Amino acid sequence: STEIDFNTNVGNVPVDFSRDLGLETDNIIAQVGATWRPWDNHQFGFTWFNNSGSNSKSLANPIEWNGVGYDGTVETSLDFETYDFSYIWWGLNKENYALGPSIRLSYITLDSKINLTIDADGDPVVGDTFKRSGNTDVPAPTIGVAWRWVPADQWRINMEAGYMQATIGDFDGSAVVASGGVAWFPWENWGFSLNALYMDFDVNTNSNTNFNGKLQATQSNFNFGITYRF
């Protein structure tokens, strides 16, 4: 779910895109990732995914004033794109398991829009519209620990978790990232993987862009993929 504070004439209004606006969050999305271990104790990783959607929803509780019924339609769109960079130093590197600290940078680009149109007895009310949009880039670094295990020749299991409370430029907030997965290689180079990724960001910003306020975003992804190793 994603919650954003939009600036209005009466202050900041928190809007939950899932709960308040009915935006679908259970989407099937594509994810691309790669890891590179040029040396036994050093591993670099990159993951990209995009989660976007749009929805049109009528107000849940129409109102009546002076014999006139007022209703409204809210049109929303949200584009949430994440670039995730990671580095792991396998300080404890044994034959079938490894453990070490990790550094991760999750770079988020967000584009959101809300358009509310008010109707009176089925006819649009001229001038009674509410439009807000915001786009911003949020760098969210975390420091944590990673673990990998090889229980058998064809199997690989990995887990990682990180946290950071930091101020970077115009952004002040916290980030939590956790991931885990299992891979099975029935062939020497080709295999299958099942992974889970959880991200939670709580960021305040007063940047010079048209996004001002508070961003609370939680992403939970489960993905099944085909893995090639060389």
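Residues numbered from 1 in each chain as written. Predicted model: local features only at pLDDT ≥ 70, side-chain atom pairs only at ≥ 80, totals over all residues. Heavy atoms only, no water.

Provide a residue-level description of the overall build of the chain, including the pertinent values.
Across its full length, the chain holds 0 helices and 13 strands. Listed N to C, the secondary structure of the chain is β-β-β-β-β-β-β-β-β-β-β-β-β in terms of helices and strands. Sorting the 230 residues of the chain into buried and exposed places 33% on the buried side. Partitioning the contacts of the chain with sequence separation of at least 6, the portion at a separation of at least 24 is 59%. For the chain, the accessible area works out to roughly 13,500 Å², and carbon and sulfur atoms hold 55% of it. (Helix = DSSP H or I, 4+ residues; strand = E, 2+ residues; numbered from the N terminus. Buried < 20%, exposed > 50% of the residue type's maximum accessible area, 1.4 Å probe, protein only. Contact = heavy atoms within 4.5 Å. Areas by Shrake-Rupley, 256 points an atom, 1.4 Å probe, with all protein chains shown as cover.)

Give me the pairing of strand 4 (residues 42–58): which residues, what numbers.
In this structure, strand 3 (residues 31–39) lies alongside strand 4, joined through 7 bridges in antiparallel fashion. Each bridged residue has a counterpart across the sheet, and for Gln 31 the counterpart in strand 4 is Phe 49. Between the end of strand 3 and the start of strand 4, which pair antiparallel, lie 2 residues. (Pairing = 2+ DSSP bridges.)

An account of the nonpolar core is requested, with residue identities and associated values reported.
Side chains of a nonpolar character, in soluble globular proteins, are inclined to be buried together. Ranked by size, the top nonpolar core spans 15 residues in total, and within it Met 199 and Phe 201 carry the most contacts. With 4 residues, the single largest contributor to this core is strand 12 (residues 190–205). Contact partners of Phe 201, with chain neighbours within four places excluded, come to Ser 106, Ile 108, Ala 140, Ser 174, Ala 175, Leu 215, Gln 216 and Ala 217. (Core = buried A, V, L, I, M, F, W, Y, C linked by side-chain atoms within 4.5 Å.)

Talk me through the packing of aromatic side chains; I want residue IDs and the actual numbers.
For any pair of aromatic rings, the description consists of the separation of the ring centres together with the inter-plane angle of the planes. Enumeration over the complete set of coordinates arrives at 10 aromatic pairs. Measuring from centroid to centroid gives 4.8 Å for Trp 190 and Tyr 228, while their planes differ by 55°, and the two rings are tilted. Placement of the pair is Trp 190 in strand 12 and Tyr 228 in strand 13 (residues 213–228), with a sequence separation of 38 residues. Following the ring pairs from residue to residue traces out a cluster consisting of Trp 155, Trp 184, Trp 187, Phe 192 and Phe 224. Arg 148 extends its terminal NZ or CZ atom over the ring of Trp 90, reaching a point 4.6 Å from the ring centre. Here the basic side chain of Arg 229 rests over the ring of Phe 185, its NZ or CZ set 4.0 Å away from the ring centre. (Phe/Tyr/Trp six-rings, centres within 6.5 Å; stacked < 30°, edge-to-face > 60°. Lys NZ or Arg CZ within 6 Å of the ring centre and 35° of its normal.)

Which residues make up the confidence of the model for the chain, and what values go with them?
Residues of the chain with pLDDT of at least 70 account for 68%, and the chain-wide mean is 77. Looking over the chain, one finds the lowest element-wise mean pLDDT in strand 1 (residues 2–8), namely 49, and the highest in strand 7 (residues 92–93), namely 94. (pLDDT = per-residue confidence, 0-100.)

So what's going on with the environment of Ile 114? Which residues, and what values?
Note on placement: Ile 114 falls in strand 8 (residues 97–120). Its relative accessible area of 7% is what places Ile 114 among the buried residues. Distance from Ile 114 to Asn 55, taken between C-alpha atoms, is 9.9 Å for residues 59 residues apart in sequence.

Go over the environment of Leu 194 with me, naming the residues and quoting the values.
Residue position: Leu 194 is located in strand 12. Of the residues examined, Leu 194 reaches a relative accessible area of 48% and is grouped as partly exposed. A C-alpha to C-alpha distance of 7.5 Å links Leu 194 and Phe 222, two positions 28 residues apart in sequence. Other than its neighbours up to four places away in sequence, Leu 194 contacts Gly 180, Gly 181, Val 182, Asn 223 and Phe 224.

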